[in-house]
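Chains, contacts and geometry: an overview
One-letter residues, chain by chain:
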Amino acid sequence: MGVRIDSLLPSHVLPPTLVLVSPQIPPNTGNIARLCACTGCRLILVEPLGFSIADKDLKRAGLDYWDKVFLKLYPSWDAYIEKHRDARRWLFSARASASLWDAQFSSDDHLVFGSETQGLSEAVLSGGHGQAITIPMLADRRSLNLSTAVGIASYEALRQLRG
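Overview of the structure. (Residues numbered from 1 in each chain as written. Predicted model: local features only at pLDDT ≥ 70, side-chain atom pairs only at ≥ 80, totals over all residues. Heavy atoms only, no water.)

Our focus in this paragraph is the pattern of salt bridges. Side chains that differ in sign of charge can pair as their charged atoms come close. A complete count under the given rule lists five salt bridges for this structure. Across the salt bridge formed by Asp-108 and Arg-42, the nearest N and O atoms sit 2.7 Å from each other. Taken together, the residues span a long stretch of sequence, with Asp-108 in the loop between strand S4 (89–92) and strand S5 (110–113) and Arg-42 in strand S2 (residues 42–46) at a distance of 66 residues. Exposure remark for Asp-108: the relative accessible area of 28% places this residue in the partly exposed category. Residue Arg-42 is classed as partly exposed on the basis of its relative accessible area of 22%. (Salt bridge = Lys/Arg side-chain N within 4 Å of Asp/Glu carboxyl O. Helix = DSSP H or I, 4+ residues; strand = E, 2+ residues; numbered from the N terminus. Buried < 20%, exposed > 50% of the residue type's maximum accessible area, 1.4 Å probe, protein only.)

Take a look at the structure:
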């Protein structure tokens with residue numbers, strides 16, 4: 001169950017925005033939407049998606065929380081960048097060398113994650129629109145599940161933002 005409170009952050013601090021670039025698996029995105037509803041994080045989806053946002057598995061995973069999610073949909077990475085030009089971005093990648101443990105999150109940061117099958121493209125990682133970081137894990141492991149990675153990163157950012 002956990003502790004129930006009115007807000008996870010002080011009123012002057014904005015929660016992170018979670019950005020999913022080309023997610024492919026509806027239940028992962030639904031689980032992340034549910035996380036957003038429970039934490040106050042905002043959710044941005046960047047097309048192309050591997051499913052319809054009307055998908056029943058997506059809705060089932062998000063349960064009855066969809067009306068509590070601050071959701072935006074952009075047709076491309078470039079459209080997202082154009083709208084959020086000044087956002088500070090953390091680009092999560094299993095291939096990054098900087099660690100989540102060393103990141104210093106700030107109010108309204110954007111936490112960006114790639115698709116379950118490809119991760120973030122090299123163009124996104126090297127495009128100058130954010131700092132690439134990784135979630136530490138044991139050697140010889142390929143990656144974490146997308147919704148697990150988003151949960152880990154979100155709660156670390158929220159923990160830091162609480163002060």
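Our focus in this paragraph is the pairing of S4. Covered by surrounding structure in S4 are Arg-89 and Leu-91 together with Trp-90 and Phe-92, the residues of both alternating faces. Sheet analysis places S4 next to S5, joined by three bridges and oriented parallel. Paired with Arg-89 across the bridge in S5 is His-110. Taken together, the three bridges between S4 and strand S6 (residues 131–133) define a ladder with parallel strand orientation. In the strand pairing of S6, Trp-90 is matched with Gln-131. (Pairing = 2+ DSSP bridges.)

A word on the packing of aromatic side chains. Going through the model one piece at a time under the given rule, you end up with four aromatic pairs. When the centroid spacing of 6.1 Å and the interplanar angle of 65° are considered together, the rings of Tyr-74 and Tyr-80 count as edge-to-face. By relative accessible area, which is 9% here, Tyr-74 ends up buried. Measuring from centroid to centroid gives 5.3 Å for Trp-90 and Phe-105, while their planes differ by 65°, and the two rings are edge-to-face. Taken together, the residues Trp-90 in strand S4 and Phe-105 in the loop between S4 and S5 connect sequence positions 15 residues apart. Here Trp-90 and Phe-105 have matching classes, each one buried. (Phe/Tyr/Trp six-rings, centres within 6.5 Å; stacked < 30°, edge-to-face > 60°.)

Taking 1.5 Å of rise per residue, 14 residues should cover 20 Å, and helix H1 (residues 26–39) covers 20 Å from first to last C-alpha, within 8% of that figure. In terms of burial, H1 is largely enclosed, as 10 of its 14 residues are buried. Among the residues of H1, those classed as buried are Pro-26, Asn-28, Thr-29, Gly-30, Ile-32, Ala-33, Leu-35, Cys-36, Ala-37 and Thr-39. Of the residues flanking the end of H1, it is Gly-40, one or two places downstream, whose phi is positive at about 90°. (Expected span 1.5 Å × (residues − 1).)

Interhelical geometry of H1 versus helix H5 (residues 146–161) gives an angle of 20° and a closest axis separation of 9 Å. One finds that H1 runs roughly parallel with respect to H5. Here the hand of the crossing between H1 and H5 comes out right-handed. For the pair H1 and H5, contact is made by Asn-28, Asn-31, Ile-32, Leu-35 and Thr-39 and by Leu-146, Ser-147, Val-150, Gly-151, Ser-154, Tyr-155 and Leu-158, respectively. Of the residues belonging to the contact of H1 with H5, the class tally is six nonpolar, six polar and no charged. (Axes fitted to C-alpha atoms, helices over the stretch in contact; angles between N-to-C directions. Parallel < 35°, antiparallel > 145°, perpendicular 65-115°, else oblique. Left-handed = near helix turned anticlockwise from the far one by under 90°. Contact = heavy atoms within 4.5 Å. Nonpolar A, V, L, I, M, F, W, Y, C, P; charged D, E, K, R; others polar.)

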